[in-house]
Every structure is written in C-alpha cells, then in structure tokens.
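Single-letter residue listing:
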Amino acid sequence: MKQYLDTLQDIITNGVKKGDRTGTGTTSVFGRQIRHDLSKGFPLLTTKKLHFKSIANELIWFLSGDTNIEWLKSHGVSIWNEWATDSGDLGPVYGKQWTAWPTKDGGSINQIDYVVDTLKRNPNSRRILFHGWNVEYLPDETISPQENAKNGKMALPPCHLLYQFYVANNKLSAQLYIRSSDSFLGLPYNTASLALLTHMLAQQCNLIPHEIIISIGDLHAYSNHLSQIQTQLSREPRPLPQLNIIRKPDSIYDYKFEDFEIVGYDPHPSIAAPIAI
C-alpha cells in the first residue's frame, strides 16, 4: 500500500517531536487520511508480514462484547496482555461499548445490531455509525491501566473510536476515525480490521464491499520505531492478497477465524518493534 508508505514518509519529513503518555517520545503529524478500494485487494501490509490471525480474532472478540483477554490468549493473541489485570480484565473497553453501551436506566444498547439493521432496512441513512468514546468510562491518566480496570474504567481509552458506513449502488463503504495512531504497529492492524469488518457487514447485508477510509488525528511514530520505519520504507510493496469468506454465518456475531481465507499473501519478513505501554 503506497499510501501507507507515503504516510510514514510524511511523518519523517513533516513531523514534530512531541512527548507522550508513555514517555517514549514521538514524531507526530495531525490530520491525515488513507483510502483504499477493496476491489483492488485486501489491505494486508506487504512491506512487512502481519499476523492476520491476531487481527481477525481481535475483531471477533470485540464483536462478542468480551473485555477479558482470556479468550484472546486461548486463541493465540497477546496484543492486549500488557494492559490487563492479573485476572485478564480490561474494564469496559471496545466490545462493551459496541454491543452493550450502558444506559441511565440500567439497560444497554447494542450499536452493532443497530448498524446491521439499518444497513438492511434503511441503507440511505446518514446515521449508520457506532462509536466507543463513552466519557463516563474513560480512564484516569494519573493511574495505571490495571488500576483503572479495577475501578470499573477502561484500561485504555479507545483509539479507533468512530465507525460510519455508507451505501451507494449496493456498495458498502466505511470510514473510521482514529484519534491517536501508532503508525508502525497500530495503523496497519486497524486498516486490515476495518476492511475485514466491512467485508463481514457486506456479506451479512447482501452488499458489495467498496471503499474504506481512515481519518486520523494524531498520527505518530515512536522514537524507538524510527529505524524499523526506515527499513520498511526501503522495501518495495508487493501485490495485495485477496480475502475469501468461506461461509455466511447466521449473524455478524457468529464468524470464526476459520471462516476467513487470505489468498496470495506474499509479504516481506516481519519487523520486530517494542510496544509503548
């Protein structure tokens, strides 16, 4: 994906040095956008190998409404381990807000149900969206993620926080707003996850996957990722793979990793990099 590599170069060329919550330090730009036509292939990065199993299982986990990492660990996904309590709890993070947004009367709202229903019944709506920025449950930045989870708050506030969907000519497009994006580790995962979710919703609603758009607020490279970014920029992108969904489950909540087949993925080798915690 040349757009992604251009974005990395933009950070290196135009970014400013900034401090951050983790104390690592970043080079940062503000207000960027990436677009991808899904008919041209599935946007799984080819300039380094990505672990599609982690991407798919994390999305399945989000849609299940689960907020404990034990299911992720049992399915070979470790990307949330550093922020969870000893019992695996993360507080009311993504899945909770997506599928059981708490209401003042003690009930809850399933935003994913709303999206699927509206795509089927009123695809021209300009209100087909869901989000995770529930201010009441945002963490206290002066204490650890684990302490926040123990206090009933989110271990981390959502980075990918607002998803909107658009239907035209029976084609489904999706736009995601990310308030803060780790360009080297996070952005490629979010791009592939958005593409996968769009394919899943399109299948459930008898639509054609079309375009994904990612709009980003603070887009940054951590100071301990700069050499890895230069390595990636030196690599030539390869043809994108294709995604096949082998079966159509009864609902958006019934997908399994085995339902997805990535065909023709031939990436450059993975590039190790530390996670800023």
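Reference entry: report on the structure contained in this document.

## Side note on the overall build of the chain
Then step 1. Scanning the chain from N- to C-terminus turns up eight helices and ten strands.
Then step 2. Here the C-alpha atoms of the chain give a radius of gyration of 18 Å, agreeing with the 19 Å that 2.2 N^0.38 yields for 277 residues.
Then step 3. A total of 277 residues make up the chain; the buried ones form 50% of that total.
Then step 4. Taking contacts inside the chain between residues at least 6 apart in sequence as the whole, the part at least 24 apart equals 69%.
Then step 5. Of the roughly 12,900 Å² of accessible surface on the chain, 49% is carried by carbon and sulfur atoms.

## Details of the environment of Gln230
Then step 1. As for its position among the elements, Gln230 is in helix 8 (residues 226-233).
Then step 2. Along the chain, Gln230 and Ile12 lie 218 residues apart, while their C-alpha atoms are 9.2 Å from each other.

## Section: the pairing of strand 2 (residues 26-37)
Then step 1. In this structure, strand 1 (residues 16-18) lies alongside strand 2, joined through three bridges in antiparallel fashion. If you follow Lys18 over to strand 2, its bridge partner there is Thr26.
Then step 2. In terms of strand pairing, strand 2 meets strand 8 (residues 208-222) through eleven bridges, oriented antiparallel. The partner of Phe30 across the bridge, within strand 8, is Asp218.

## A short note on helix 8
Then step 1. Within helix 8, the full set of buried residues consists of Gln228, Ile229 and Gln232. The arc that holds the buried residues of helix 8, viewed along the axis, is 100°, so those residues lie on one side.
Then step 2. Where helix 8 is buried, its residues touch helix 1 (2-14) and strand 8.

## A short note on the packing of aromatic side chains
Then step 1. In the structure shown here, the tally under the stated rule is 15 aromatic pairs.
Then step 2. Measuring from centroid to centroid gives 6.1 Å for Phe52 and Phe257, while their planes differ by 45°, and the two rings are tilted. Linking Phe52 in helix 2 (residues 52-64) with Phe257 in the loop between strand 9 (242-245) and strand 10 (260-263), this pair joins segments that are 205 residues apart in sequence.
Then step 3. By relative accessible area, which is 8% here, Phe52 ends up buried.
Then step 4. What makes Phe257 partly exposed here is its relative accessible area of 23%.
Then step 5. Measuring from centroid to centroid gives 5.8 Å for Tyr255 and Phe260, while their planes differ by 15°, and the two rings are stacked.

## What about the pairing of strand 7 (residues 171-182)?
Then step 1. Across eight bridges, the pairing between strand 6 (residues 160-168) and strand 7 is antiparallel. By the bridge assignment, Phe165 is partnered in strand 7 with Ala174.
Then step 2. Following strand 6, the chain reverses through two residues before pairing antiparallel with strand 7; Asn169 in that reversal takes a positive phi of roughly 55°.
Then step 3. Bridge analysis of strand 7 against strand 8 gives ten bridges, and the strand direction is parallel. Directly across from Ala174, in strand 8, lies its bridge partner Ile212.
Then step 4. On the question of chirality, the crossover connecting strand 7 to the parallel strand 8 by way of helix 7 (residues 186-204) is right-handed.

Scoring rules and cut-offs
Here the residue numbers are simple positions, counted from 1 along each chain's written sequence. A pLDDT threshold of at least 70 governs which residues receive local features in this predicted model, and a stricter bar of 80 or more applies before side-chain atom pairs are shown or counted, although totals over entire chains, interfaces and linings include all residues. Computation of side-chain values covers all heavy atoms of the structure but excludes hydrogens and water. Where helices and strands are cited, they refer to DSSP runs of H or I of at least four residues and of E of at least two residues respectively, numbered from the N terminus. Every radius of gyration here is taken over C-alpha atoms, with the globule rule written as 2.2 Å times N^0.38, N being the number of residues. Whether a residue is buried, partly exposed or exposed follows from its accessible area with a 1.4 Å probe, protein chains only, as a fraction of its type maximum: under 20%, in between, or over 50%, in that order. The contact definition used throughout considers only heavy atoms, calling two residues in contact when any of these lie within 4.5 Å. Using a 1.4 Å probe, accessible areas were evaluated by the Shrake-Rupley method; residue-level cover was limited to the displayed protein chains. For two strands to count as paired, DSSP must find a minimum of two bridges between them. Picture the helix axis, draw a direction to every C-beta atom, and the arc is the one those directions span. Pairing of aromatic rings covers Phe, Tyr and the six-membered ring of Trp, with a centre-to-centre limit of 6.5 Å; geometry is then stacked below 30 degrees between planes, edge-to-face above 60, and tilted otherwise. With its strands directed away from the observer, a crossover is right-handed exactly when the path from the first strand over the helix to the second travels clockwise.

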